[in-house]
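Examining the three-dimensional arrangement
Chain by chain, the residues:
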Amino acid sequence: QVQLVESGGGLVQPGGSLRLSCAASGRTFSDYTMGWFRQAPGKEREFVTAISWSSRILFADSVKGRFTISRDGAKSTVYLQMNSLKPEDTAVYYCVADRYYYGSDYHRYDYWGQGTQVTVSS
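Read on for a plain summary of the structure. (Residues numbered from 1 in each chain as written. Predicted model: local features only at pLDDT ≥ 70, side-chain atom pairs only at ≥ 80, totals over all residues. Heavy atoms only, no water.)

**Looking at the packing of aromatic side chains**
Applied cut-off: Any two rings among Phe, Tyr and Trp, with Trp reduced to its six-membered ring, count as a pair given centres within 6.5 Å; such a pair is stacked if its planes are under 30 degrees apart, edge-to-face if over 60, and tilted if neither. Secondary structure elements follow DSSP: runs of H or I of four or more residues count as helices, runs of E of two or more count as strands, with numbering from the N terminus. Each residue is placed in one exposure class: buried if its accessible area under a 1.4 Å probe, protein chains only, is under 20% of its type's maximum, exposed if it is over 50%, and partly exposed if it falls in between.
The full count for this structure, using the stated rule, is eight aromatic pairs. On the basis of an interplanar angle of 70 degrees and a centroid distance of 5.5 Å, the ring pair of F37 and F47 is categorised as edge-to-face. In this pair, F37 sits in strand β4 (residues 33–39) while F47 sits in strand β5 (residues 46–51), placing the two residues ten residues apart along the sequence. Its relative accessible area of 1% is what places F37 among the buried residues. Judged by its relative accessible area of 12%, F47 is buried.

Here it is, written out as structure tokens:
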């Protein structure tokens, strides 16, 4: 089992920045793909980004150039740096992990955090 705990969400004005963190425990962090999905009210869950164990990175087109993902093996933590935030980025953000899958299909990720709310509003 892998446990994921997100932190760092909150309220930010349009154009602002936030950094989300996801602390993992329970298995060898370095063996896992880590990623982020988000879900806005009334909308489908949406892929944001993923980083593989070898640090290959995928981004959704909607966040490319504004968001970055990184991982710190010593802390078993993955970070999502969000810049130039827009109101349409408002959602609950979920950290995910999977030992074998690397991609944008949320059905394929075995482990999920509880989610953290990000609200972009003036």
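**Some thoughts on the sheet that holds strand β3 (residues 18–25)**
Selection rule: Strand pairing is assigned whenever DSSP detects at least two bridges linking the two strands. Interaxial angle, 0 to 180 degrees, is taken between N-to-C directions of lines fitted to C-alpha atoms, where a helix line uses only the stretch in contact.
As summarised here, the arrangement of the four strands in space is β1-β3-β8-β7, forming an open sheet in which the pairing is antiparallel. The strands lining the two open edges of the sheet, one partner per strand, are β1 (3–7) and β7 (67–72). Averaged over all adjacent pairs, the angle separating strand axes in this sheet is 15 degrees, with direction ignored. As defined by bridge partners, β1 adjoins β3 across five bridges and the pair is classed as antiparallel. Note on β3: the bridge partner recorded for V5 is A23.

**Some words on the pairing of β4**
Two faces make up the sheet, and in a regular strand the side chains alternate between them. When you tally the buried positions in β4, you get six out of seven residues, the bulk of the element. Of the pairings in the sheet, the one linking β4 to strand β9 (residues 91–98) comprises seven bridges and is antiparallel in character. Considered in β9, the bridge of Q39 is made with V92. Inspection of the sheet shows β4 paired to β5 by five bridges, in the antiparallel sense. Among the inter-strand pairings, R38 is bridged to a residue of β5, identified as E46. Hairpin connection, β4 to β5: the antiparallel pair is bridged by six residues, and G42 has positive phi, about 75 degrees.

**Focus: the side chain of T116**
Condition: Whenever two N or O atoms come within 3.5 Å, that pair is a polar contact, provided that in protein one can donate a hydrogen and the other can accept it, and provided that, for residues adjacent in sequence, both atoms are side-chain atoms. Whether two residues touch is decided by their heavy atoms; if any such pair falls within 4.5 Å, the residues are in contact.
Note that T116 resides in strand β11 (residues 116–120). Classification of T116 by relative accessible area gives buried; the value is 11%. There is a polar contact of 3.3 Å between the side chain of T116 and the backbone nitrogen of G9. Beyond its immediate chain neighbours, meaning those up to four positions away, T116 contacts E6, G8, G9, L20, A91, V92 and Y93.

**Digging into the side chain of S52**
With respect to the helices, strands and loops of the structure, S52 is situated in the loop between β5 and β6 (57–59). With sequence-adjacent residues up to four places away left out, S52 is seen in contact with Y32, T33, R71 and Y102.

**So, the nonpolar core**
Looking at soluble globular proteins, one finds that nonpolar side chains tend to be buried together. Using the following cut-off: Think of a nonpolar core as a cluster: buried Ala, Val, Leu, Ile, Met, Phe, Trp, Tyr and Cys residues, connected wherever their side-chain atoms sit within 4.5 Å.
If you look at the biggest cluster of nonpolar residues, it comprises 36 residues, and the most contacted ones within it are L4, M34, W36, M82 and Y93. Elements that contribute at least two residues to this core include exactly β3, β4, β5, β7, β8 (77–82), β9 and β11. Among the elements that take part in this core, β9 stands out by supplying five residues, more than any other. In contact with M82, other than residues within four places in its own chain, are G16, S17, L18, L20, R66, F67, Y93 and V118.

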